[in-house]
Each structure stands twice: as structure tokens, then as C-alpha cells.
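Descriptive structure summary
Here's the letter readout for the chains.
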Amino acid sequence: MKTNKIILATVCGLLLLSLLPLQAQTNDELRLTIDQLRAKNKSLEEKNKKLETQLRQCRKKSNCSELQTENERLKDEVDSLKANLTALYSITIAENKTALDIKDPVFKAYLLRYCDMDNDGEITTWDAEHTYVIDCSIENKRALLKSGSQPIYSLDGIEAYKNLKKLVCSGNEIRLLDLSQNTLLETLEADECSLKVLTINENTELKRLSCKNNALRELDLSNNPNLAFLNVSNNELNIISLINNPILTKFYCANNGLVSIMVSSNAKLKVIDCSNNDLNSLDLSNTVVDSIMCQNNSLTFLDLRNNRTISYLDCTKNKNLEEVLISPNCYIETNKNKKIRYKN
């Protein structure tokens, strides 16, 4: 019994000593201290429970006033520790509440309305840390804000949203968008934004990207290995590399200036729409594609014998394409392409 009391007294002393140098600690150290104190608090509460159990057993046998006094003292220590933890947590939050410089007034109005997590009337680093979805598209703003018809011209400040998973900003006037600091981003919808530059080369978690109806002339997808859905239709792309996107399943790139598409590394590709480009060849032999839209190109030959699951094909308006090779087990609706001969 005396040994237990000595251990408990030692633990309490260590806990109190650990609180002394907090003011000199950094935010990271404060967080670590909080975690350590919580662990110690849990251990202390467990010891307190054991002591209460011993006290109840002792009461049945004899008068245990000394043990009861020790138990009450220990409860006071636990209450004091919880109070210190609460104060320390408040200090940590305050240290993290640095106001963000959001230059665009429409973007700031949206953030204040829907991403001010602590309702203090400011957009701070703490708010950014606890925001996971931002939908500031024109359609969403029109439904949510009176200023919905006003476009956003800049997303400066978005780099502070380190934990952002989804960003929807379609319909605005954002010509430059750098998301290299948003490394946890999984979904990006930036359609019809007048985009000329999109930087996503650090977004390794990105799974879905739609940036159609913009003015992009190049797009680096070399560091997006988890990309499964891609829509870059209606841009100004001449070339696009998909070599580092092995799990891509749906690819839409219609209405660009593409002269070639390499999908030999995209074995899981099921849907492709590359219509209205300037392609003179299309090799889909290493894919499991079942829907192909390649009309209005410059194709002269199309071999689809390895693609046995095709259910839809539109290869019209390829002036020099007269023959398509298909698998004998493949059924394709040919009415759309009735001027083209099909051979097994």
C-alpha cells in the first residue's frame, strides 16, 4: 500500500514539473506536451481507479482513513492536471490563429460564411487546418451567397489549407492556380475558369481531375499516380502524357489540338473521348476500353482486335478512315459509322 502511494506521488510531481517550461515551447512542442500530459493523465486516472477499488475493499474490513485521505488528494491532483491541460490546449489554439491574407473579396466572403470554423469573424491558419472541402464554384455561390454571380479572380491563400481533400471552383475567373501545397487533395473540379496555368505536380493523392473548358496549353500529370478520372476537354493542349497514371479509367480530351495520345501505360482505361483533335493514330491495344469516341480526327487506321469488350464506338468524320479491325466476339452498333468497313 505504501509503495502505491509513493508511485502516485512521484507521478503527480513529474506532471507538475512538466508544466513549468511551456511558455518557451514552440507550437509543435506544445502539441507534443499535450499528448504526453494526456497519456500521463490517463495513467493517473487508472491508478486512481485502482486506489478507489482498494479503498472500497478496505472499508469492508477496517477503518481506512489514511487511504481515503490519499484518494482525495489524488483526485485533486487529477482535477488540477485537467485544468492545466485545458489551459494549455487554449494556448496552442491561440498560437495557431494567425490571420490569412485572402486578397480576393469574393473568396474571402465565401470562406467567412462557410469555413470560419470557430466563428470568430476571421479566417485563420486554425480554420484552414480544419477545413477539408471547399466548393466556391459559381453555381454553389449563387445558391449560398447573395454575391453568387460575382466571380473569384484569385485563390491566393489556398496554400494554407494543408488538409484540403476536395476543391470545386468551377465558373470563376482564376487564370493561375497553384495547388502544390495542398498535398492531400483528392478531387479537383476547376471547369470553365479561364485557367492558363494549373500546378498539381505535388498532388500525389489526386484521384479525380476535371479542368475542361479552359485555356490550358500544357498540363503536367507526371506526379499524379492515383488519378482515375481525367477531363481536359476544350482546352488548347497539343500533347499530354499519361505514362505515370497507371490506374486511369476514364479520359476525356475532346476539342483540343492533340496530335498524339499514348495510353500504352493505362491498362485500366475503360472510356476515352478524344474527338475533335488532330490524331492520325490511336493505339488502344493495351487497355480494357469499352467506350470509344474518336470522331472528327485524321485517323487512317484503327485496330481494335485486342479490345474485346467494346460496346460503343464513334469514329465518324475521319475522312481517310475506311476500315476498322475489330474482335470477332465484339458487337458494335455500326449504324453511326455505316460508311466504314469492319473486319474481324
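In this text the structure is predicted, and so the values were computed from the model without any measurement.

Further remarks concern the overall build of the protein chain. Scanning the protein chain for helices and strands turns up 6 helices and 14 strands. A buried classification covers 44% of the 344 residues belonging to the protein chain.

For the rest of this paragraph, the subject is the nonpolar core. Ile134, Leu209 and Phe251 are the most contacted members of the largest nonpolar core, which has 65 residues in total. Within the residue set of this core, elements represented by two or more residues are α4 (105-114), β11 (302-304) and β13 (323-326). Ignoring any residue separated from it by four or fewer positions in sequence, one finds Ile134 in contact with Phe107, Tyr110, Leu111, Cys115, Ile158, Tyr161, Leu164, Lys166, Leu167 and Val168.

Another aspect to go through is the sheet that holds strand β7 (residues 229-231). Within a beta sheet, neighbouring strands are joined by backbone hydrogen bonds and run either parallel or antiparallel to one another. The 9 strands are arranged β1-β2-β4-β6-β7-β8-β9-β10-β12 in an open sheet whose pairing can be described as parallel. The strands lining the two open edges of the sheet, one partner per strand, are β1 (133-135) and β12 (312-314). When strand polarity is set aside, the average angle formed by the axes of neighbouring strands in this sheet is 5°. Pairing analysis gives 3 bridges linking strand β2 (residues 166-168) to strand β4 (residues 187-189), with the strands arranged parallel. Its bridge partner lying in β4, Lys166 is registered against Thr187.

Looking at the secondary structure, you find Asn266 in the loop between β8 (250-252) and β9 (271-273). Within the structure, Asn266 has its side chain in polar contact with the backbone oxygen of Asn245 (distance 2.8 Å). Excluding residues within four positions of it along the chain, Asn266 makes contact with Leu242, Asn245, Pro246, Leu248, Asn286 and Thr287.

Here we come to the state of the cysteines. Here the structure, examined in full by the defined rule, presents 0 disulfides. No disulfide involves Cys136; its sulfur sits 5.6 Å from the nearest other cysteine sulfur, which is in Cys169.

Here we come to the packing of aromatic side chains. Counting across every chain of the model gives 2 aromatic pairs. On the numbers, 5.6 Å between centres and 35° between planes, the contact of Tyr110 with Tyr114 is tilted. Here Tyr110 pairs with Tyr114, and both are found in helix α4, just 4 residues apart, close to one helical turn. Residues Phe229 and Tyr252 carry aromatic rings whose centres are separated by 5.7 Å and whose planes lie at 45° to one another, so their mutual orientation is tilted. Pair noted here: Phe229 is in strand β7 and Tyr252 is in strand β8, with a separation of 23 residues, a long-range link. The exposure class assigned to Phe229 is buried, which follows from its relative accessible area of 15%. Here the basic side chain of Arg208 rests over the ring of Phe229, its NZ or CZ set 3.9 Å away from the ring centre.

Looking now at the pattern of salt bridges. A side chain with one charge can pair with a side chain of the opposite charge if their charged atoms come near. Inspection of every chain in the model, using the stated rule, returns 4 salt bridges. Salt-bridge contacts for Arg208 lead to Glu189; the nearest nitrogen and oxygen are separated by 3.8 Å. Within this pair, whereas Arg208 is found in strand β6 (residues 208-210), its partner Glu189 is found in strand β4, the two being separated by 19 residues in sequence. On the accessibility criterion, Glu189 (22% relative accessible area) is partly exposed. Where Asp303 meets Arg305, a salt bridge forms, and the shortest distance between an N and an O atom there is 2.7 Å.

Reading the values: rules and limits
Residues numbered from 1 in each chain as written. Predicted model: local features only at pLDDT ≥ 70, side-chain atom pairs only at ≥ 80, totals over all residues. Heavy atoms only, no water. Helix = DSSP H or I, 4+ residues; strand = E, 2+ residues; numbered from the N terminus. Buried < 20%, exposed > 50% of the residue type's maximum accessible area, 1.4 Å probe, protein only. Core = buried A, V, L, I, M, F, W, Y, C linked by side-chain atoms within 4.5 Å. Contact = heavy atoms within 4.5 Å. Pairing = 2+ DSSP bridges. Axes fitted to C-alpha atoms, helices over the stretch in contact; angles between N-to-C directions. Polar contact = N/O pair within 3.5 Å; in protein donor to acceptor, adjacent residues only side chain to side chain. Disulfide = S-S within 2.5 Å. Phe/Tyr/Trp six-rings, centres within 6.5 Å; stacked < 30°, edge-to-face > 60°. Lys NZ or Arg CZ within 6 Å of the ring centre and 35° of its normal. Salt bridge = Lys/Arg side-chain N within 4 Å of Asp/Glu carboxyl O.

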